[in-house]
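# Secondary and tertiary structure notes
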Amino acid sequence: MTRNAIVVDLNRCIGCFGCEVACKQENDVPLGQYWSRVTPVGPNGTFPNIEQYWLPTMCQQCVGAPCVEVCPTGASYRDEETGVVLIDQENCIGCESCLSACPYGVRALNEAESVVGKCTLCKPLTAKGELPACVKACCGEARFYGDLDDPESDVSKLVASYDEADRHQLADSGNGPSTIYLLSPKYATWVSDDAVQVSNV
């Protein structure tokens, strides 16, 4: 199956929050909610050896998505063609089961419409062959999109160009997050995954 996902090169991310803004604008995300959020990690260390990086966090497109497993109506599902985890808002009843199941707090309840929203990897754009809004807007050219199961894709080649020690993912509790973060020790030390979880609450 196709496994479309985002790869973020943290060596290039400058923490400008442009991806947050692009996501909210493209998807009309309600005020106070985020489908993509940038979290500063650090500063860590002792002066003058201080380091910090910025961690953009969105739906991790889990291989074993717990949000899909717990959804009572089938509103949370995996698109068979693209492999992307999506929400059918026509079938969403706003029960928030998926919010509790998501290990990363990247789903949000739209209280005005009583439906849950999250990153869709900009399905309306990618369906037309365009890049997700966050990737297009990244002025540091730190975000990449593509099929991780295709060794010839740009994202697969990018990941393969980094040492395994430079490749990171958020904490995996059996859900298998797909998003890959690239961070080399010469720029900063990857902080324990559990210390960088985010929430829309």
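Preceding this section is the structure that the text describes.
In this report, the structure presented in the accompanying data block is examined. Owing to the predicted nature of the structure, the values given are computational and were not obtained by experimental measurement.

## Some points on the sheet that holds strand E8 (residues 143–147)
- An order of E8-E1-E10-E9 is seen for the 4 strands of this open sheet, with the pairing classed as mixed. Lying at the two open borders of the sheet, with one neighbouring strand each, are E8 and strand E9 (167–168).
- The pairing of strand E1 (residues 4–9) with strand E10 (residues 180–182) spans 3 bridges and is classified as parallel. Looking across to E10, one finds that Val8 is bridged to Tyr181.

## Some points on the layout of surface pockets
- A volume near 390 Å³ is recorded for the largest pocket.
- Mapped onto the lining of the largest pocket, the elements with two or more residues apiece are helix H1 (18–27), strand E5 (85–87), strand E7 (115–117) and helix H4 (123–126).
- By residue class, the composition of the lining of the largest pocket is 11 nonpolar, 6 polar and 5 charged.
- Counted as a void, the second largest pocket has a volume near 190 Å³.
- Taken together, 13 residues form the lining of the second largest pocket, with Thr82, Lys123, Thr126, Ala127 and Tyr145 sitting closest to its centre.

## Here's the deal with unusual backbone geometry
- Of note, the amide linkage connecting Gly42 to Pro43 takes the cis form, showing an omega dihedral of 5°.
- The omega torsion of the bond from Phe47 to Pro48 falls at 5°, within 30 degrees of zero and hence cis.
- Within the secondary structure, Pro48 sits in the loop between strand E2 (36–46) and strand E3 (49–58).
- Backbone geometry at Leu121 places phi at a positive 55°, although glycine is not the residue there.
- Under the relative-accessibility criterion, Leu121 is labelled buried at 3%.

## A few points about the side chain of Asp147
- Examined against the element boundaries, Asp147 turns out to sit in strand E8.
- For the buried Asp147, no salt bridge is present, and the opposite-charge side chain at shortest range is Arg3, 6.0 Å distant.
- Look past the residues within four positions of Asp147 in its chain and what remains in contact with it is Thr2, Arg3, Asn4, Ser153, Val155 and Ser156.

## Focus: the nonpolar core
- Counting 40 residues, the largest nonpolar core has Ile6, Leu10, Tyr53, Leu55, Tyr181 and Trp190 as the members making the most contacts within it.
- Apart from the residues within four sequence positions on either side, Trp190 is in contact with Leu10, Tyr53, Leu55, His168, Gln169, Leu170, Tyr181 and Leu183.

## A few points about the pattern of salt bridges
- Inspection of the entire model under this criterion finds 5 salt bridges.
- Residue Arg3 is joined to Asp149 by a salt bridge in which the shortest nitrogen-to-oxygen separation is 3.1 Å. Of the two residues, Arg3 is situated in the segment before E1 and Asp149 in the loop between E8 and helix H6 (154–160); the sequence distance between them amounts to 146 residues.
- Looking at Arg3, the relative accessible area reads 25%, which means it is partly exposed.
- Measuring nitrogen to oxygen at the nearest pair gives 3.7 Å for the salt bridge that ties Glu130 to Lys128.
- By relative accessible area, Lys128 is classed as exposed at 59%.

Calculation notes
Residues numbered from 1 in each chain as written. Predicted model: local features only at pLDDT ≥ 70, side-chain atom pairs only at ≥ 80, totals over all residues. Heavy atoms only, no water. Pairing = 2+ DSSP bridges. Helix = DSSP H or I, 4+ residues; strand = E, 2+ residues; numbered from the N terminus. 1 Å grid on protein atoms, 1.4 Å probe; cavity = no way out; pocket = protein on both sides within 12 Å on 5 of 7 lines; lining within 4 Å. Points joined across faces, edges and corners; volume = space filled by probe spheres on them. Nonpolar A, V, L, I, M, F, W, Y, C, P; charged D, E, K, R; others polar. Buried < 20%, exposed > 50% of the residue type's maximum accessible area, 1.4 Å probe, protein only. Lys, Arg positive; Asp, Glu negative; His and termini not counted. Salt bridge = Lys/Arg side-chain N within 4 Å of Asp/Glu carboxyl O. Contact = heavy atoms within 4.5 Å. Core = buried A, V, L, I, M, F, W, Y, C linked by side-chain atoms within 4.5 Å.

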